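So you can see what is in the structure, the chains are spelled out below.
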Amino acid sequence: MQYWLMKSEPDAFAINDLYSRPNQTEHWDGVRNYQARNMMRDAMKLGDQVFFYHSNCDEPGIVGIMEVVREGYPDFLAFDLNDQHFDSKSDPARPRWMMVDVKYVKTLARTITLKELKQKAELADFALIRPGNRLSILPVSKKQWDFILSLE
């Protein structure tokens, strides 16, 4: 099993939105970065655990846990002319963008804030807190995962 962190702006899609979906499952669409796409396409597997991270908000932080329930497949919104994630260069025969399906596992008892994470020496090598790292999907080591959960 692998561990991940996936960012979403709560105004666009929040942990409560995932909780409210049928079967508490949703596709994770709209990723338009090749490195993040490659993680979804090549590395994310069924059963992988994922931190749900609220970004671009008053208090960014980890708010919940999801599980990968469908491995990478073409992001069909890239082909939808009416969707904000449409990409005219993406071809259904050779899709440029991928997504995975995630399922709600739980909402954390409290938000583990970015500010708090940055203060922990144990997370000095955590990709989320490295300067300049703006990827929407990040790998999390088992050691980091366990430490972060201990903060809850």
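Here is a short report on the structure shown in this document.

Calculation rules
- Residues numbered from 1 in each chain as written.
- Predicted model: local features only at pLDDT ≥ 70, side-chain atom pairs only at ≥ 80, totals over all residues.
- Heavy atoms only, no water.
- Pairing = 2+ DSSP bridges.
- Helix = DSSP H or I, 4+ residues; strand = E, 2+ residues; numbered from the N terminus.
- Axes fitted to C-alpha atoms, helices over the stretch in contact; angles between N-to-C directions.
- Contact = heavy atoms within 4.5 Å.

Turning to the sheet that holds strand β5 (residues 98-113), a few remarks are in order. Two modes of strand pairing occur in sheets, parallel and antiparallel, and in both the strands are linked by backbone hydrogen bonds. Strand order across the open sheet formed by six strands is β2-β5-β4-β3-β1-β6, with mixed pairing between neighbours. Single-partner strands in this sheet number two, and they are β2 (25-28) and β6 (137-140). Within the sheet, the average angular offset between the axes of one strand and its neighbour, ignoring direction, is 35°. Pairing of strand β4 (residues 61-74) with β5, which is carried by 10 bridges, proceeds in the antiparallel orientation. In the sheet register, Ile62 faces β5, and the bridge partner there is Ile112. In the packing of helix α2 (residues 34-43) onto the sheet, contacts are made with β1 (3-8), β2, β4, β5 and β6, and the angle to β5 comes to roughly 110°. Lying over the sheet, helix α4 (residues 142-150) contacts β1, β3 (49-54), β4, β5 and β6, oriented at roughly 55° with respect to β3.

Of the pairings in the sheet, the one linking β3 to β4 comprises six bridges and is antiparallel in character. The partner of Gln49 across the bridge, within β4, is Glu67. The hairpin formed by β3 and β4 contains six residues between the paired strands, and Asn56 there has a positive phi angle of roughly 50°.

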